Amino acid sequence: MLPVTTGPLTPVEPPALLSAAAHACRSDPTTNPDADEACVGAAIAYVWGFPLVTMLRLRNRLACVTATNQLLHARELATPSSRTVVAPNNDTLYSTTFLDLRAHPVELDFPPVHGRYANFQLMDAYTNTFADVGTLTTGARGGRYAIVGPTWKGRLPTGLTPIVAPTPDVWLLGRTEVRGQADLTSVHALQDRYRLTPLTSAPGRSDPEAPAFPATCAPTAPPVVATGLALFDEISRDMAADPPPAVDATTIAAMAAVGIGPGRRPSATTDPQVRAGYQRALRLGPQLISGADNQTATSTGWHYGKVVGTYGTDFVARAAVAQSGLGANLPTQAVYFNISTSTANGVAGPTTWVLHFAPRQLPPITAGGFWSVTMYDPRRFLVPNPIDRYSIGDRTPGVVYGKDGSLDIYVAATAPAGHESNWLPAPEGQYSLSLRLYAPEAGAESAWEPPAGRPSG
């Protein structure tokens, strides 16, 4: 059975991004219609292209530490020094690489896994999850899979299940559950059994032959908005390397109308009105992303994403997730609830904030699942603390439950006297929390909600 957990969302035509960009640019008008038109097309390009640029920049960062089509295994859990992606979890060890499928498919061998959560998430260059290979989708038995580029035609070796990728560049992101430091050796042994093998001898070819686009080590890059007009060149180049799906045609046409697209170099335009429109789009594009209406609020102040993991033509939601939670799982794999000090009754700093899970109201997970609450700073990175505890959950050693089965988690900058076992250290200032449910019960995000925080005492 093909390990695809869900397909893309039904396309919406025309995509909402087109009207949102037009409204933003025409609410900030100039006296020149050419500048307004350029603003609209470039604002569309900024939002639509943000995930693509983010993904391929990550590809180049990873190229500094591992080769394409070669797995890189994290051997230690994430710490505050982990800065490759925002909001890293502290529950699993990552195994990751980028696949380049232009010349040939790549075989992924997933061994039998018993008694722990393990998954490989496959994302296209636009951050859509198009398949999952792991314990929730393929069971404990494991399997052998051929990940095939979008235009490759040929004959695969027997015994392989094909997974056709929408783009030739694919981010392969594996997560293997870890139950504390003492469990690392066992997880390392499992990681060593994950295998990637380029199928260089498989007879076949891409049609038409995909142009070479090798990953190039680039350890740092400026923020997307700080790229200036060269950002539109980067989007155009990345589109050529990883062609968008046909359902994006209306959006692509709006970009092409103002000189943005494969084979174009928008920054080279000498038309002052077009350049002015581009510049306005660089200012308005981030506002469109930050204003994305992709969050559902619970009655207790937490939020979860309406659209996560696969996005169809909801390009604004796709960009918002790429900015704040790149690589987020599909809800069938994990559900994410988030809250920050700006929404948590104003509680922050030295105040102790208690999360009280009532009896039979613990996070709803299936057999083999687990959950945790992770602390982040305002930039969504882990927070240094004196006990090196970055998350707390059902696998945290020593956590004390009430006699009735309830659980209190104490979120504070200093250890709460008498409750140190259930302490999640917080910084003195602002912070945010993520509550993750791995292997959640179906519909957990809408049928259950985390408890509201309340000041201790």
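Summary of the structure given here. (Residues numbered from 1 in each chain as written. Predicted model: local features only at pLDDT ≥ 70, side-chain atom pairs only at ≥ 80, totals over all residues. Heavy atoms only, no water.)

Quick word on the sheet that holds strand β15 (residues 353–357)
Then, number 1: Spatially, the four strands line up as an open sheet ordered β19-β18-β15-β21, and their pairing is mixed. The two strands at the open ends of the sheet, each matched to only one other strand, are β19 (423–425) and β21 (453–455). The sheet shows a mean angle of 30° between the axes of neighbouring strands, direction not considered. (Pairing = 2+ DSSP bridges. Helix = DSSP H or I, 4+ residues; strand = E, 2+ residues; numbered from the N terminus. Axes fitted to C-alpha atoms, helices over the stretch in contact; angles between N-to-C directions.)

Some points on the environment of Gln-273
Then, number 1: On the secondary structure map, Gln-273 appears in helix α6 (residues 272–290).
Then, number 2: C-alpha of Gln-273 to C-alpha of Ser-27: the two residues are 246 residues apart in sequence and 17 Å apart in space.
Then, number 3: Apart from residues lying up to four places away in sequence, Gln-273 is in contact with Asn-32, Asp-34 and Ala-35. (Contact = heavy atoms within 4.5 Å.)

Focus: the pattern of salt bridges
Then, number 1: Under the definition given, this model contains 17 salt bridges.
Then, number 2: Here Asp-192 ties to Arg-75 by a salt bridge, and the two come within 2.6 Å at their closest N and O atoms. Highlighted residues: Asp-192 in the loop between α3 (184–191) and β10 (195–198) and Arg-75 in the loop between β1 (72–73) and β2 (92–100), separated in sequence by 117 residues.
Then, number 3: Residue classification places Asp-192 among the partly exposed positions, given a relative accessible area of 39%.
Then, number 4: Look at Arg-75 and you get partly exposed, because its relative accessible area is 30%.
Then, number 5: In this structure, Arg-144 engages Asp-109 in a salt bridge whose closest nitrogen and oxygen atoms are separated by 3.8 Å. (Salt bridge = Lys/Arg side-chain N within 4 Å of Asp/Glu carboxyl O. Buried < 20%, exposed > 50% of the residue type's maximum accessible area, 1.4 Å probe, protein only.)

A look at helix α7 (residues 315–325)
Residues lying three or four places apart along an α-helix face the same way, a consequence of the helix completing one turn every 3.6 residues.
Then, number 1: Among the eleven residues in α7, nine count as buried, and that is most of the element.
Then, number 2: Along α7, the residues classified as buried are Phe-315, Val-316, Ala-317, Arg-318, Ala-319, Ala-320, Val-321, Ala-322 and Gly-325.
Then, number 3: Those residues of α7 that are buried lie in contact with α1 (16–26), α2 (33–62), α5 (249–256) and α6.
Then, number 4: Positive backbone phi, at 90°, marks Gly-327, one or two positions downstream of α7.

A closer look at the packing of α2 against helix α4 (residues 230–241)
Then, number 1: Packing of α2 against α4 leaves a shortest axis separation of 9 Å and a crossing angle of 65°. In terms of orientation, α2 and α4 fall into the roughly perpendicular class. For the pair α2 and α4, the crossing hand works out as left-handed. Between α2, through Ala-42, Ala-45, Tyr-46, Trp-48, Gly-49, Leu-52, Val-53, Leu-56 and Arg-57, and α4, the contact on the second element is made entirely by Leu-231, Phe-232, Glu-234, Ile-235, Asp-238 and Met-239.
Then, number 2: Considered class by class, the residues forming the contact of α2 with α4 number eleven nonpolar, one polar and three charged. (Parallel < 35°, antiparallel > 145°, perpendicular 65-115°, else oblique. Left-handed = near helix turned anticlockwise from the far one by under 90°. Nonpolar A, V, L, I, M, F, W, Y, C, P; charged D, E, K, R; others polar.)

With respect to the state of the cysteines
One way to say it: the disulfide is the covalent bond shared by the sulfur atoms of two cysteines.
Then, number 1: As enumerated under the stated definition, the model contains two disulfides in all.
Then, number 2: The side chain of Cys-25 participates in a disulfide bridge whose partner is Cys-39; the two sulfur atoms lie 2.1 Å from each other. Between Cys-25 and Cys-39, the S-S dihedral sits near -80°, and the bridge is therefore left-handed. With Cys-25 in helix α1 and Cys-39 in helix α2, the pair connects residues that are 14 residues apart, well separated along the chain.
Then, number 3: We classify Cys-25 as buried; its relative accessible area is 0%.
Then, number 4: Accessibility expressed as a relative area gives 0% for Cys-39, which makes it buried. (Disulfide = S-S within 2.5 Å.)

What about the packing of aromatic side chains?
Aromatic rings considered in pairs are described by the distance between their centres and by the relative angle of their planes.
Then, number 1: A complete count under the given rule lists 13 aromatic pairs for this structure.
Then, number 2: Arranged with centres 5.8 Å apart and planes meeting at 10°, the rings of Phe-110 and Tyr-194 form a pair that is stacked. Here Phe-110, found in strand β3 (residues 106–110), pairs with Tyr-194, found in the loop between α3 and β10; they are 84 residues apart in sequence, far enough to count as distant.
Then, number 3: Residue Phe-110 is classed as buried on the basis of its relative accessible area, which comes to 3%.
Then, number 4: A ring pair is formed by Tyr-117 and Tyr-438, whose centres lie 5.4 Å apart and whose planes are at 55°; its orientation type is tilted. With a gap of 321 residues between them, Tyr-117 in the loop between β3 and β4 (118–124) and Tyr-438 in strand β20 (residues 432–440) connect regions that are remote in the sequence.
Then, number 5: Of the residues examined, Tyr-438 reaches a relative accessible area of 0% and is grouped as buried.
Then, number 6: Joined through ring pairs, the aromatic side chains of Phe-110, Phe-120 and Tyr-194 make up one cluster.
Then, number 7: In this structure, Arg-83 is placed above the aromatic ring of Phe-381, and the distance from its NZ or CZ to the ring centre is 4.2 Å. (Phe/Tyr/Trp six-rings, centres within 6.5 Å; stacked < 30°, edge-to-face > 60°. Lys NZ or Arg CZ within 6 Å of the ring centre and 35° of its normal.)

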